[in-house]
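Listed below, chain by chain, are the residues.
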Amino acid sequence: MLASDSLVKGVSYEKLFEFHCLDRKLIPEKPVTPLPWDYTITNPETLQSYRVQVKGTNTFQTDGVHPSGRYRIVAKAGRGSNCRKIPDYVDVLSCYVRPMDTFYNIPRTACP
């Protein structure tokens, strides 16, 4: 069975995230067992670590609330539900917007 298109995209976003971390001299560590976050990122100079969930999108949408448009990121909250805030077990949500070739890193403390 071939991997789904969304699975391949997700893995490519994660590999790109690893590259950007290493390029900035941060150490990305992928958990050996499944955990709610994708990586633990460590700064080797300060030994400070962050749990990071990586997401990506190329979906642009417009609606009545955002008439000029926005990129859509969906983070699963478990049991098939989506959430509008970063879960407590993640320190940073790292969102890759493919058409802009940019990661946006949103700390949990920035969300209500």
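Residues numbered from 1 in each chain as written. Predicted model: local features only at pLDDT ≥ 70, side-chain atom pairs only at ≥ 80, totals over all residues. Heavy atoms only, no water.

Student: What is the right way to read a nonpolar patch on the surface from this model?
Tutor: A grouping of M100, Y104 and I106 is seen on the molecular surface, where their side chains present a nonpolar patch of about 250 Å² in accessible area. By the secondary structure assignment, Y104 is in strand β9 (residues 102–107). (Patch = residues over 30% accessible without salt bridge, like charges linked within 9 Å, V, L, I, M, F, W, Y side chains within 5 Å. Areas by Shrake-Rupley, 256 points an atom, 1.4 Å probe, with all protein chains shown as cover. Salt bridge = Lys/Arg side-chain N within 4 Å of Asp/Glu carboxyl O. Helix = DSSP H or I, 4+ residues; strand = E, 2+ residues; numbered from the N terminus.)

Student: Just to check I follow, could you spell out the sheet that holds β9 for this structure?
Tutor: Spatially, the five strands line up as an open sheet ordered β1-β2-β3-β8-β9, and their pairing is mixed. At either margin of the open sheet sits one strand with a lone partner, and together these are β1 (27–29) and β9. Along the sheet, successive strands turn relative to each other by an average axial angle of 30°, direction set aside. In terms of strand pairing, strand β2 (residues 39–42) meets strand β3 (residues 49–57) through four bridges, oriented antiparallel. Following the sheet pairing, I41 is matched in β3 by Y50. (Pairing = 2+ DSSP bridges. Axes fitted to C-alpha atoms, helices over the stretch in contact; angles between N-to-C directions.)

Student: Is there a simple way to explain the nonpolar core in this structure?
Tutor: Buried together is how nonpolar side chains tend to be arranged in soluble globular proteins. With 10 residues, the main nonpolar core is built from Y13, F17, C21, Y39, I41, V52, V54, V92, Y96 and F103. Elements with a minimum of two residues in this core: α1 (5–23), β2, β3 and β8 (92–97). The element best represented in this core is α1, accounting for three residues. The contact partners of V54, leaving out residues within four places of it in the chain, are Y13, E14, F17, D38, Y39, S94 and F103. (Core = buried A, V, L, I, M, F, W, Y, C linked by side-chain atoms within 4.5 Å. Buried < 20%, exposed > 50% of the residue type's maximum accessible area, 1.4 Å probe, protein only. Contact = heavy atoms within 4.5 Å.)

Student: Help me understand α1 in this model?
Tutor: Because an α-helix completes one turn every 3.6 residues, residues spaced three or four positions apart along the sequence face the same direction. With 19 residues, α1 ought to run about 27 Å at 1.5 Å a step, and its terminal C-alpha atoms sit 27 Å apart, in line with that. Elements that come into contact with the buried residues of α1 comprise β1, β2, β3, β8 and β9. Positive phi appears at K25, one or two residues downstream of α1, with a value of about 65°. (Expected span 1.5 Å × (residues − 1).)

Student: Quick question: what am I supposed to make of the confidence of the model for the chain here?
Tutor: Parts of the prediction with low pLDDT should not have their coordinates interpreted in detail. Chain-level pLDDT for the chain is 83 on average; 79% of the residues reach the 70-or-more range. Across the chain, element-level confidence peaks in β1 with a mean pLDDT of 97 and bottoms out in strand β7 (residues 81–83) with 50. (pLDDT = per-residue confidence, 0-100.)

Student: Quick question: what am I supposed to make of the packing of aromatic side chains here?
Tutor: One pair of aromatic rings is described through two measures. These are the centre distance and the angle between the planes. Applying the stated criterion to the full structure yields four aromatic pairs. Relative to F103, the ring of F17 lies with its centre 5.7 Å away and its plane at 65°, an arrangement referred to as edge-to-face. Within this pair, whereas F17 is found in helix α1, its partner F103 is found in strand β9, the two being separated by 86 residues in sequence. F103 sits in the buried class, given a relative accessible area of 17%. Arranged with centres 4.8 Å apart and planes meeting at 45°, the rings of Y96 and F103 form a pair that is tilted. By relative accessible area, Y96 is classed as buried at 7%. Taken together, the aromatic side chains of Y13, F17, Y39, Y96 and F103 make up a single cluster linked through ring pairs. If you follow K30 out to its NZ or CZ, it ends over the ring of Y39, 5.0 Å from the centre. (Phe/Tyr/Trp six-rings, centres within 6.5 Å; stacked < 30°, edge-to-face > 60°. Lys NZ or Arg CZ within 6 Å of the ring centre and 35° of its normal.)

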